[in-house]
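What follows is the residue order along each chain.
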Amino acid sequence: MDGTQQVVIIGGGLAGAKTAEALRDHGFTGTVTLIAAEAHLPYERPPMSKSFLIGASPFDDALVHTAEWYREKEIDLRTGTRAIALDTGRHRVGLEDGDEVAYDKLVLATGSTPRRLPVPGAEASGVHYLRTREDSDAIRSTFGPGRRLVVIGGGWIGLEVAAAARGAGTEVCVVEAADLPLSAALGPELAVVFADLHRANGVDLRLSTRLNAVLTDGGRAVGVELDGGERIDADGIVVGIGAVPQTGLAEAAGLAVDDGVLVDASLRTSDPDVYAVGDIANHDHPALGRRMRVEHWAAALNQPSVAAAALLGGAERYTELPYFYSDQYDLGMEYIGHSPEGSYDRIVVRGALAAQKFVAFWLDRDNRIKAAMNVNVWDVVDQIKHLIGDGRPIDPERLADPGVPYAEL
Ligand SMILES: Cc1cc2nc3c(=O)[nH]c(=O)nc-3n(C[C@H](O)[C@H](O)[C@H](O)COP(=O)(O)OP(=O)(O)OC[C@H]3O[C@@H](n4cnc5c(N)ncnc54)[C@H](O)[C@@H]3O)c2cc1C
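All of these numbers come straight from a predicted model, not from anything done at the bench. (Residues numbered from 1 in each chain as written. Predicted model: local features only at pLDDT ≥ 70, side-chain atom pairs only at ≥ 80, totals over all residues. Heavy atoms only, no water.)

1. Focus: the overall build of the protein
Keep this limit in mind: Numbering of helices and strands runs from the N terminus; a helix is a DSSP stretch of H or I covering at least four residues, while a strand is a stretch of E covering at least two. Here's how the labels work: a residue is buried when its accessible area is under 20% of the maximum for its type, exposed when over 50%, partly exposed in between, all with a 1.4 Å probe on protein chains only. Should any heavy atoms of two residues lie within 4.5 Å, those residues are counted as being in contact. A 1.4 Å probe and the Shrake-Rupley method give the accessible areas. Residues count as covered only by the protein chains that appear here. Charged-residue counts in this description rest on Lys and Arg as positive and Asp and Glu as negative, His and the chain ends being excluded. Charge coordinates come from a single atom per side chain, which is NZ of Lys, CZ of Arg, CG of Asp or CD of Glu.
The secondary structure content of the protein amounts to ten helices and 26 strands. Overall, the C-alpha framework of the protein stretches about 65 × 60 × 35 Å when taken along its three principal axes. Relative to its full complement of 409 residues, the protein shows a buried share of 53%. Taking all contacts inside the protein whose residues are at least 6 apart in sequence as the whole, residues at least 24 apart take part in 60%. Total accessible area on the protein is roughly 17300 Å²; 45% of this is exposed by carbon and sulfur atoms. Side chains of the protein carry 38 positive and 59 negative charges; the gap between the two charge centres is 1 Å.

As structure tokens, then:
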């Protein structure tokens, strides 16, 4: 690729903005066009359910880069512009405003959209989803003493919203279909920590409970009806039942898509001139030996450097382990690796679950660490990453003993 060539990036979230940055960092001097449907400069979403949601940090703190940065780096950033067509044969992207942009290489970074609630009444006003700055603003406006929020879904987003709402004095009820929140991600042994945390902070946690309907009055949501028939009044409803990758353009263009856009180890799609990064990339992970689509901040942050290098002719592969973090009340956690419910043999805990200060390790039957979560314990991720990457069996008793330094394991 030389200075006469053009790279187009579709999607102005973290992954799109980081791709633009990586192309310049890797020395690409050609045209970089970043097509971004939202009206804002690219921003990070984690604050939308944390500091920005509680009003503790301004929106600008969430920006990936300032407007000046895009100018300096000569990135043609087109905010408020949606790509609506992709012609991989002609190497052209069609925009909603009728314009067409030619590319030599294309990067898809279209992210995810919240899964919609499939019950009667769900389209009423006052039913909120959380993805954008506007969503976060709207949800914040439902908070306050004397108000009641019903959160549908006890996943990461639902629980972070619950914590933010409780912090603002809102009464909160969380409705979760499974018998524990986060149990699919963490398994029951650790999910119970989060159930206890929210109960201790005054959340009315309704587990093994589904929703019959959203109750409405004049087109406005006023509560929910649970599967047992009970009705709960609400001033606002927040739905956090997962996200769906935005693969419409890729599918219409005939790229291989199966729960995300299929990409190889270098994040290249089934079309050699098209790459995909972030939430939409279903990646053939060389270190894990399996496909994986990671809907987390770290993948959107780190995949772009590899995709940009590969697109410019390098042989880089993305080998980072999945990583994410969450903050709820005074609990901060990080999780590294991959070991969902049903895939591990045992859990070893270093520290005290009840004190909410510990590191939990998910082990397979050969005592190899598959994943770990540090809760209110900091600066251990690099050492844990080493242990997971090492792949050798570990003595569970020494692993559980805080007196044994990680380096000696
Ligand atoms: C509220 C919230 C809190 C989160 N908190 C955490 C956290 O604490 N820790 C963590 O690890 N992860 C967290 N995540 C997940 C993390 O934010 C995502 O994994 C990350 O945003 C993915 O980045 P992305 O760039 O791939 O996609 P997105 O951030 O979704 O960005 C995609 C962008 O592309 C645009 N777009 C889509 N289609 C088109 C088109 N056709 N034309 C032009 N533009 C288009 C979209 O409008 C969007 O702006 C959170 C997510 C949310 C929503």
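There's plenty left to go through after this.
2. Remarks on the pattern of salt bridges
This is how the line gets drawn: By definition here, a salt bridge exists when the distance from a side-chain nitrogen of Lys or Arg to a carboxyl oxygen of Asp or Glu is within 4 Å.
Considering all chains together, one arrives at 24 salt bridges under this definition. Across the salt bridge formed by E38 and R45, the nearest N and O atoms sit 2.9 Å from each other. Judged by its relative accessible area of 23%, E38 falls in the partly exposed class. Residue classification places R45 among the partly exposed positions, given a relative accessible area of 23%. Between E230 and R206 there is a salt bridge, with the nearest N and O atoms lying 2.8 Å from each other. Here E230 is found in the loop between strand 14 (220-226) and strand 15 (231-233), whereas its partner R206 is found in strand 12 (residues 204-206), with 24 residues between them in sequence.

3. Description of the nonpolar core
Let me state the cut-off plainly: To form a nonpolar core, buried Ala, Val, Leu, Ile, Met, Phe, Trp, Tyr and Cys residues must be joined to one another through side-chain atoms within 4.5 Å.
Formed by 53 residues in total, the largest nonpolar core has its most connected members in V93, L106 and L108. Beyond its immediate chain neighbours, meaning those up to four positions away, V93 contacts V8, I10, A83, A85, L86, D99, E100, V101, Y103 and L106. Ranked by size, the runner-up nonpolar core spans 25 residues in total, among them M48, L53, F59 and V203.

4. With respect to the pairing of strand 24 (residues 346-352)
For a regular strand, the rule is simple: side chains alternate between the two faces of the sheet. Rules: We call two strands paired when DSSP finds no fewer than two bridges between them.
As judged from the seven bridges shared by strand 24 and strand 25 (residues 357-363), these two strands associate in the antiparallel manner. What sits directly across from R350, in strand 25, is V359. Counting the residues in the hairpin turn of strand 24 and strand 25 gives four residues, including Q356, whose phi is positive at 55°.

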